[in-house]
Amino acid sequence: MEWKTKVFDKLQERAYKHFDTLKYNAETDDFEVKIYLSGYVDLACTIADLLNLCIIATEKEATSGELMEDDMNNSINNILRLTFRMLPVSESMFLNEAHCAFIYMKEKAEQKRKNGDKNSDADLS
């Protein structure tokens, strides 16, 4: 049982370092994503790009006209940048570490079962 505690403690320690994309809001019992903008103009442009992209995507003649195409390309570019900033990269690294730890725990439990250890946990999967 000691090895499970060590693995859990190590995962818990790493979790605090990696889980930083979503922030828990105790008042609303929700999670928040912080998006850093350079100011109100950047915010307005980002919202305009979201709206513009949706409008262009739903118009029948969306692909006609050079101006429409430039608007769409700019909107898509800005939305892709926003989406990229929201990717939980750090959390993914932790999930990878946790996955490896759980594989280790499962293998350790299977070894104990094969060796006839009566104190091993039967189901970890």
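Before reading on, note that the structure itself is shown above.
All values derive from a computational prediction rather than experimental measurement.

A. Spatial organisation of the nonpolar core. In this structure, W3, V7, L11, A15, F94, A98, A101 and M105 together form the largest nonpolar core, which totals eight residues. Those elements that provide at least two residues to this core are α1 (2-18) and α4 (89-114). Setting aside residues up to four positions removed in sequence, A101 forms contacts with V7 and L11.

B. Spatial organisation of the layout of surface pockets. In this model, the largest pocket occupies a volume close to 160 Å³. Surrounding the largest pocket, D20, T21, K23, V33, K34, I35, Y36, R85, M86 and L87 form its lining. Partitioned by chemical class, the residues of the lining of the largest pocket number five nonpolar, one polar and four charged.

C. Representation of helix α2 (residues 40-58) in the model. Along its 19 residues, α2 runs 27 Å from first to last C-alpha, staying within 8% of the 27 Å computed at 1.5 Å per residue. Of all the positions in α2, only T46, D49 and I56 are classed as buried. One face of α2 carries all of its buried residues, which in axial projection span an arc of 105 degrees. Away from its buried face, by an angle of more than 90 degrees, α2 presents the exposed residues Y40, L51 and T58.

D. View of the side chain of E91. Position of E91 relative to the elements: it lies in helix α4. For the buried E91, no salt bridge is present, and the opposite-charge side chain at shortest range is K23, 7.1 Å distant. Beyond its immediate stretch of four places on either side in the chain, E91 contacts H18, F19, D20, T21 and L22.

Procedures and definitions
- Residues numbered from 1 in each chain as written.
- Predicted model: local features only at pLDDT ≥ 70, side-chain atom pairs only at ≥ 80, totals over all residues.
- Heavy atoms only, no water.
- Core = buried A, V, L, I, M, F, W, Y, C linked by side-chain atoms within 4.5 Å.
- Buried < 20%, exposed > 50% of the residue type's maximum accessible area, 1.4 Å probe, protein only.
- Helix = DSSP H or I, 4+ residues; strand = E, 2+ residues; numbered from the N terminus.
- Contact = heavy atoms within 4.5 Å.
- 1 Å grid on protein atoms, 1.4 Å probe; cavity = no way out; pocket = protein on both sides within 12 Å on 5 of 7 lines; lining within 4 Å.
- Points joined across faces, edges and corners; volume = space filled by probe spheres on them.
- Nonpolar A, V, L, I, M, F, W, Y, C, P; charged D, E, K, R; others polar.
- Expected span 1.5 Å × (residues − 1).
- Arc of directions from axis to C-beta.
- Lys, Arg positive; Asp, Glu negative; His and termini not counted.
- Salt bridge = Lys/Arg side-chain N within 4 Å of Asp/Glu carboxyl O.

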